[in-house]
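Descriptive structure summary
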Amino acid sequence: MENCIFCKIIKGEIPAKKEYESDSIFVFHDITPQAPIHLLIIPKVHINSMNDIASLDPKVTEEIFKVIPKLAEKNGIHEKGYRLVNNCGSYGGQTVGHLHFHLLGGRHLQWPPG
């Protein structure tokens, strides 16, 4: 999608602090972190939201969920815990129309989230 900010980040048109990259996914630091560790995990193919995840290659979905614990360990949050968030639609708090997951940690996270 030509106007998608995450697609522009993937293409290198917008700078981002990259944490991890493969042929299928891109992980970078959120520019407005809500915790000491706040990473965004996105597929490189444009998928609008969780509602459309069935159109994502299952191997990409599998890779995303295999990488998350590795990212948590690399960032030192795997033992005390972390939160994985997906916002879907405007009522769910989704602000970028590209499927993404937030990995948050490094502090005690409260519940309910808001």
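Residue indices follow the written sequence of each chain, beginning from 1 at its first position. For a predicted model such as this one, the threshold for reporting local features is a pLDDT of at least 70, and the threshold for listing and counting side-chain atom pairs is 80 or more; totals across whole chains, interfaces and linings nevertheless cover every residue. Side-chain measures were taken over the full set of non-hydrogen atoms in the model, leaving aside hydrogen atoms and water.

Focus: the packing of aromatic side chains
Here a pair means two rings of Phe, Tyr or Trp (six-membered ring of Trp) with centres within 6.5 Å. Their orientation is stacked below 30 degrees between planes, edge-to-face above 60, and tilted elsewhere. Within this structure, the stated rule accounts for three aromatic pairs. On the numbers, 5.5 Å between centres and 75° between planes, the contact of F6 with F28 is edge-to-face. Separated by 22 residues along the polypeptide, F6 in helix α1 (residues 5–11) and F28 in strand β2 (residues 25–29) bring together distant segments of the chain. No difference in accessibility class separates F6 from F28, as the two residues are buried. Secondary structure elements follow DSSP: runs of H or I of four or more residues count as helices, runs of E of two or more count as strands, with numbering from the N terminus. Between buried and exposed lies partly exposed: a residue is buried under 20% and exposed over 50% of the maximum accessible area for its type, with that area taken using a 1.4 Å probe on protein chains only.

A word on the side chain of H29
Position of H29 among the secondary structure elements: in strand β2. H29 sits in the buried class, given a relative accessible area of 18%. Whether two residues touch is decided by their heavy atoms; if any such pair falls within 4.5 Å, the residues are in contact. Filtering out sequence-adjacent residues up to four positions away, H29 remains in contact with K17, E19, H38 and L39.

Re the pattern of salt bridges
Within this document, salt bridges are pairs made up of a side-chain nitrogen of Lys or Arg and a carboxyl oxygen of Asp or Glu, the two lying within 4 Å of each other. Scanning the entire structure with this criterion turns up four salt bridges. K18 is the partner of E21 in a salt bridge, and the nearest nitrogen-oxygen pair spans 2.9 Å. The exposure class of E21 is partly exposed, given its relative accessible area of 35%. Judged by relative accessible area, which is 49%, K18 ranks as partly exposed. Residue K74 pairs with E19 through a salt bridge whose shortest N-O separation is 3.3 Å. Residue K74 is located in helix α2 (residues 58–74), and its partner E19 is located in strand β1 (residues 18–21); the two are separated by 55 residues in the primary sequence. Classification of K74 as exposed rests on a relative accessible area of 58%. Taking relative accessible area as the criterion, E19 reaches 14% and is therefore assigned buried.

Structural notes on the side chain of R83
By the secondary structure assignment, R83 is in strand β4 (residues 82–85). Here Q110 takes part through its backbone oxygen, which lies 3.0 Å from a polar atom of the side chain of R83. Sequence-distant contacts of R83, defined by excluding residues within four places in its chain, comprise H102, L103, L104, L109, Q110, W111 and P113. Here a polar contact is recorded for every N or O atom pair within 3.5 Å, except that within protein the pair must consist of a potential hydrogen donor and a potential acceptor, and residues adjacent in sequence are included only if both atoms are side-chain atoms.

What about the sheet that holds strand β3 (residues 37–43)?
Only strands that DSSP links by at least two bridges are regarded as paired with each other. Reading across the sheet, the five strands line up as β1-β2-β3-β5-β4 and stay open at both edges, with antiparallel pairing between neighbours. Where the open sheet ends on each side, the last strands, each with one partner, are β1 and β4. Averaged over all adjacent pairs, the angle separating strand axes in this sheet is 15°, with direction ignored. Of the pairings in the sheet, the one linking β1 to β2 comprises three bridges and is antiparallel in character. Each bridged residue has a counterpart across the sheet, and for E21 the counterpart in β2 is F26. An axis is simply a line fitted to the C-alpha atoms; with a helix, the fit covers only the stretch in contact. Between two such axes, the angle follows the N-to-C directions and lies from 0 to 180 degrees. Strands in contact with α2 are β1, β2, β3, β4 and β5 (101–105); relative to β3, the strand with the most contacts, it is inclined by about 160°.

Things to note about the environment of F28
Judged by relative accessible area, F28 falls into the buried class, the value being 4%. Setting aside residues no more than four positions away along its own chain, F28 makes contact with F6, I9, A16, K17, K18, E19, H38, L39, L40 and I42.

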